[in-house]
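What the coordinates show
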Amino acid sequence: ALYTLSDFGAVALMQYDAFTRVIFTQYTSAFDRSLAASLSLVLVAVTGSLLILERRVARGRGANGSRGAGHHHAHAHYRLGAGAARGLQPVRLGRWRGPALAFCAALVGLGVVVPVAVLLTWLTSAQRVAPTGTDLLGPALNTFWAGLLTALVVGAAGLPLAILGARGVGRFGRGLAQAAYLGNGLPGLVIALALVFFGANLVPALYQTLPLLIFGYAIRFLPLSVGATRSALAQINPRFEEAGCSLGLSPWWVAWRVTVPLARAGVLGGMALAFLSAARELPATLLLAPTGFRTLTTEIWMAQAQARYTQAAAPALLIILLSALSLALILRGNHKAGKRA
């Protein structure tokens, strides 16, 4: 629901007057931008209501799940003993096997095969008219470096927050870690508008610069890194860290030698998610990017604005390729983590 409320590209391309498209239209075309600000506040209120509702439901489920169980290990996700591995037995579907496979195949076909086939058809048509290649090298490199810088920033910033949330004992520390998730509830367009005002009025030297763009990306996608890293930390038995401290190591050295290596898959997974999301982000790029800074998403945006849909095929396929590489890294990390567990 949060992603649907915050999405801009799909509703803008399909000219559907959702919150994000109307806010962007008011900001770019109207001289009075107070309506854009008012609509942004309404959108923030709606997303905030969803976050509060989700938190209450989660607390209710946690309270019910902890009844009758040991309080000390109520939220433990790590293995407490040696245990014995037992494989799950598959359930035979019988006559429902064919319809079930057809349903899954239809989902993959409509969601992956059909769009890729259409893009490949458009790419073939575009190559016949005007071959493309070197003109996309600059946007592709800009997309890669912006995504890589974002991944490094959120990886470095998300690790201490995740450790604070998973291992912190004070209310302030846990609250600070929870506050990092607010960026996940704020649409990228709203964050970009706030940073435009911040840069243009308070720090003009940063306005329309790459550091401000990376900062906007980091605010938007920091929750991805914190969430993935915190999930990895929740699966680490604290006794490993206690053993390191008992050997005379300082807490910082234990975190570097024990905690970080065990949580490496989660850290890299969160960074890969941030890279993938930054490569696909459109509204923040349109509003915060330096003049002349073209990315693959802005290439798609300009192509559709000029009704040159075949010219959008190559950058769209490159984004799919980047997404596939990022997902491969995430799945590989999860596979390795599963083997270690």
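What counts, and at which threshold
Residues numbered from 1 in each chain as written. Predicted model: local features only at pLDDT ≥ 70, side-chain atom pairs only at ≥ 80, totals over all residues. Heavy atoms only, no water. Helix = DSSP H or I, 4+ residues; strand = E, 2+ residues; numbered from the N terminus. Contact = heavy atoms within 4.5 Å. Areas by Shrake-Rupley, 256 points an atom, 1.4 Å probe, with all protein chains shown as cover. Axes fitted to C-alpha atoms, helices over the stretch in contact; angles between N-to-C directions. Parallel < 35°, antiparallel > 145°, perpendicular 65-115°, else oblique. Left-handed = near helix turned anticlockwise from the far one by under 90°. Nonpolar A, V, L, I, M, F, W, Y, C, P; charged D, E, K, R; others polar. Core = buried A, V, L, I, M, F, W, Y, C linked by side-chain atoms within 4.5 Å. Buried < 20%, exposed > 50% of the residue type's maximum accessible area, 1.4 Å probe, protein only. Salt bridge = Lys/Arg side-chain N within 4 Å of Asp/Glu carboxyl O. Phe/Tyr/Trp six-rings, centres within 6.5 Å; stacked < 30°, edge-to-face > 60°. Patch = residues over 30% accessible without salt bridge, like charges linked within 9 Å, V, L, I, M, F, W, Y side chains within 5 Å. pLDDT = per-residue confidence, 0-100.

1. Describing the overall build of the protein
Across its full length, the protein holds 16 helices and 0 strands. Across the protein, every contact between residues at least 6 apart in sequence was considered, and the portion connecting residues at least 24 apart equals 75%. Carbon and sulfur atoms provide 67% of the accessible area of the protein, an area that totals close to 20,800 Å².

2. Section: the packing of helix H3 (residues 19-29) against helix H9 (residues 188-201)
Between H3 and H9, the least distance of the axes is 10 Å, while the angle of their chain directions is 25°. If you check the angle between H3 and H9, you find them roughly parallel. Crossing hand, H3 versus H9: left-handed. Facing Thr-20, Ile-23, Phe-24 and Tyr-27 of H3, the residues of H9 in contact are Leu-189, Leu-193 and Val-196. Of the residues in the contact of H3 with H9, the class split is 6 nonpolar, 1 polar and no charged.

3. Focus on the nonpolar core
Counting residues in hydrophobic clusters, the biggest one holds 41 residues, and the most contacted among them are Ile-23, Tyr-217, Leu-287 and Leu-288. Counting residues per element, the ones that place at least two in this core are H3, helix H4 (34-65), helix H6 (137-167), H9, helix H10 (210-234), helix H13 (264-280) and helix H14 (283-288). Top contributing element to this core by residue count: H10, with 10 residues. Those residues in contact with Leu-288 that lie beyond four places of it in its chain are Ala-192, Leu-195, Val-196, Gln-208, Thr-209, Leu-212, Leu-213 and Gly-216. If you look at the next biggest cluster of nonpolar residues, it comprises 15 residues, including Ala-151, Val-267, Ala-313 and Leu-317.

4. A few points about the pattern of salt bridges
Counted under the stated rule, the structure contains 2 salt bridges. For Arg-21, the salt bridge is made with Asp-17, and the minimal N-O distance between the two is 2.4 Å. The partner of Glu-299 in a salt bridge is Arg-294, with the nearest N and O atoms 2.6 Å apart. Of the residues examined, Arg-294 reaches a relative accessible area of 36% and is grouped as partly exposed.

5. Quick word on the packing of aromatic side chains
In the structure shown here, the tally under the stated rule is 7 aromatic pairs. With 5.9 Å between their ring centres and 85° between their planes, Phe-24 and Trp-301 make a pair best called edge-to-face. Of this pair, Phe-24 sits in helix H3 while Trp-301 is found in helix H15 (residues 296-305), placing the two residues 277 residues apart along the sequence. Each member of the pair Phe-24 and Trp-301 is classed as buried. Taking 5.9 Å as the distance between ring centres and 75° as the angle between the ring planes, the aromatic pair formed by Phe-144 and Phe-275 counts as edge-to-face. A residue pair is termed long-range when its members are at least 10 positions apart, and Phe-144 in helix H6 and Phe-275 in helix H13 qualify at 131 residues. For Phe-144, a relative accessible area of 34% gives the class partly exposed. Since its relative accessible area comes to 11%, Phe-275 is described here as buried. Every member of this aromatic cluster is reached through a ring pair, and the members are Phe-8, Phe-24 and Trp-301.

6. Topic: a nonpolar patch on the surface
A cluster of nonpolar residues, Leu-110, Val-114, Val-118, Trp-122 and Tyr-309, forms a patch on the protein surface that exposes about 470 Å² of accessible area. In this structure, Val-118 sits in helix H5 (residues 97-129).

7. Digging into the packing of H6 against helix H7 (residues 171-179)
Viewed as axis vectors pointing N to C, H6 and H7 meet at an angle of 130°, and their least axial separation amounts to 8 Å. Considered as vectors, H6 and H7 are oriented oblique to each other. The handedness of the crossing between H6 and H7 is left-handed. Between H6, through Leu-161, Leu-164 and Gly-165, and H7, the contact on the second element is made entirely by Gly-173, Leu-176 and Ala-177. Taken together, the residues of the contact of H6 with H7 sort by class into 4 nonpolar, 2 polar and no charged.

8. Some thoughts on unusual backbone geometry
Positive phi is not limited to glycine here, since Gln-15 has a value of about 55°. For Gln-15, the position within the fold is in the loop between helix H2 (9-13) and H3. Judged by relative accessible area, which is 61%, Gln-15 ranks as exposed. Unlike most non-glycine residues, Gln-208 shows phi in positive territory, near 55°. As for its placement among the helices and strands, Gln-208 is situated in the loop between H9 and H10. A relative accessible area of 31% places Gln-208 in the partly exposed class.

9. What about the confidence of the model for the protein?
Scored by pLDDT, the protein comes out at a mean of 82, with 86% of its residues at no less than 70. Low pLDDT, under 50, characterises residues 66-74; the predicted model gives this stretch 3 contacts beyond four residues in sequence or across chains.

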